[in-house]
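A look at the structure
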Amino acid sequence: MRIDEQPRTRWPEPSAFRNRRPDLRLGSRRQRIDPAAASQGRIAVQHSVRTPTAEYTLLLNAPEWLGRRGVGEALRDSVAELRAIDLTYGPNRPESLVSRLRRGEISPDSYPPLADLVDRCTAMRAATDGWFDAWAVPGGFDPGGLLGGWAVERAAARLRAAGIHDYAVLTGADLVVRGRAPHGGPWRVAVHHPTAPDRAPLVLEMTAGAVGTSGVTGRQGHVVDPHTGEPANQLVAATVVGPDLTVADAYATALYAAGPTGLAWFRGNSDYRALFAHRR
């Protein structure tokens, strides 16, 4: 494993960014991405794609030896993975694998990626004391609380397999980054407060990691308290940072449901940290 792929997140002093714009912004209606010219020997690419359920932006800082054709092929492969997951696993699609699993037509072991998705949901149910529970929703199994993060991580794995180890992938208020930004330094990420847009953002420097958020869309009742079956209403939004977006996404969903009780999950030696848990 490349050393830059090890989880690394640093919280620098805000004064260090007084004269330096962030590369990426989360939770802000203002400019979200500041494009930068690639350093020598690199190819910088920015691409956005919309599926029926989400919009994604991919920023690649690819090695020049890969060539523009190779970078284009890697990008197409990653985008194809995002589209395929939307079609194949979306719980709102009657013929998706998740819908067929809910109807008892197939088992999780029928398809290895489906088995991985179910295993991830099982692990996060245990890690959050049952506050993330993909089975405690109307209609049966629904992995929606981590499906977006899982899709981004699988698309990012396609980039690494093609030889691109410096990239950022964003969707909504979630992101994954690896390696270096086009300017040659760590990715500078400004995370804005979900309910106080005028507050100074929390600035992170990241060479590997993810930020997952639940609740910023403003929708009411999209997360259910698995213990009561009622819509969660303690928090307005929850944001979690850590090594893997699938896990961070699930933690953010669970924290949104549990409220302040869920902050106990991030104490001690946890690789994940709650950035925001704003009460309603």
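Okay, so let's go over this structure. Note that the structure is predicted; figures quoted are calculated from it, not measured.

Attention shifts here to helix α4 (residues 144-161). With 18 residues, α4 ought to run about 26 Å at 1.5 Å a step, and its terminal C-alpha atoms sit 26 Å apart, in line with that. Residues of α4 that are buried: G145, L146, L147, G149, W150, A151, V152, E153, A155, A156 and L159. Buried positions along α4 lie against β4 (55-63), α1 (67-89), α3 (112-127), β5 (167-171), β6 (174-178) and α5 (245-258). One or two residues past the end of α4 sits G163, with phi positive at roughly 100°.

Here we come to the pairing of strand β9 (residues 235-242). With 7 of its 8 residues buried, β9 lies for the most part within the structure. The sheet contact formed by strand β8 (residues 202-214) and β9 spans 5 bridges and is antiparallel. The residue bridging T213 from the neighbouring strand is T239, located in β9. Pairing of β9 with strand β10 (residues 273-279) involves 6 bridges; the strand directions are antiparallel. When the bridges of β10 are listed, A237 appears paired with H278.

Glancing now at α5. For α5, with 14 residues, the first-to-last C-alpha span of 19 Å sits near the 20 Å given by 1.5 Å per residue. A large share of α5 lies buried, amounting to 14 of its 14 residues. The opening residue of α5, the one whose side-chain oxygen lies 2.8 Å from the backbone nitrogen of T246, is D244. Looking one or two places after α5, you find G259, whose phi comes out positive at around 75°.

With that settled, consider the packing of aromatic side chains. Taken as a whole and judged by the stated rule, the model has 6 aromatic pairs. With 5.5 Å between their ring centres and 50° between their planes, Y251 and Y272 make a pair best called tilted. With a gap of 21 residues between them, Y251 in helix α5 and Y272 in the loop between α5 and β10 connect regions that are remote in the sequence. Across this residue pair, the class does not change: Y251 and Y272 are buried. Both rings, one in W265 and one in F266, keep their centres 6.2 Å apart while their planes meet at 70°; by these two values the pair is edge-to-face. Exposure class is identical for W265 and F266. Each is buried.

What counts, and at which threshold
- Residues numbered from 1 in each chain as written.
- Predicted model: local features only at pLDDT ≥ 70, side-chain atom pairs only at ≥ 80, totals over all residues.
- Heavy atoms only, no water.
- Helix = DSSP H or I, 4+ residues; strand = E, 2+ residues; numbered from the N terminus.
- Expected span 1.5 Å × (residues − 1).
- Buried < 20%, exposed > 50% of the residue type's maximum accessible area, 1.4 Å probe, protein only.
- Contact = heavy atoms within 4.5 Å.
- Pairing = 2+ DSSP bridges.
- Polar contact = N/O pair within 3.5 Å; in protein donor to acceptor, adjacent residues only side chain to side chain.
- Phe/Tyr/Trp six-rings, centres within 6.5 Å; stacked < 30°, edge-to-face > 60°.

So yeah, pure geometry; function would need other evidence.
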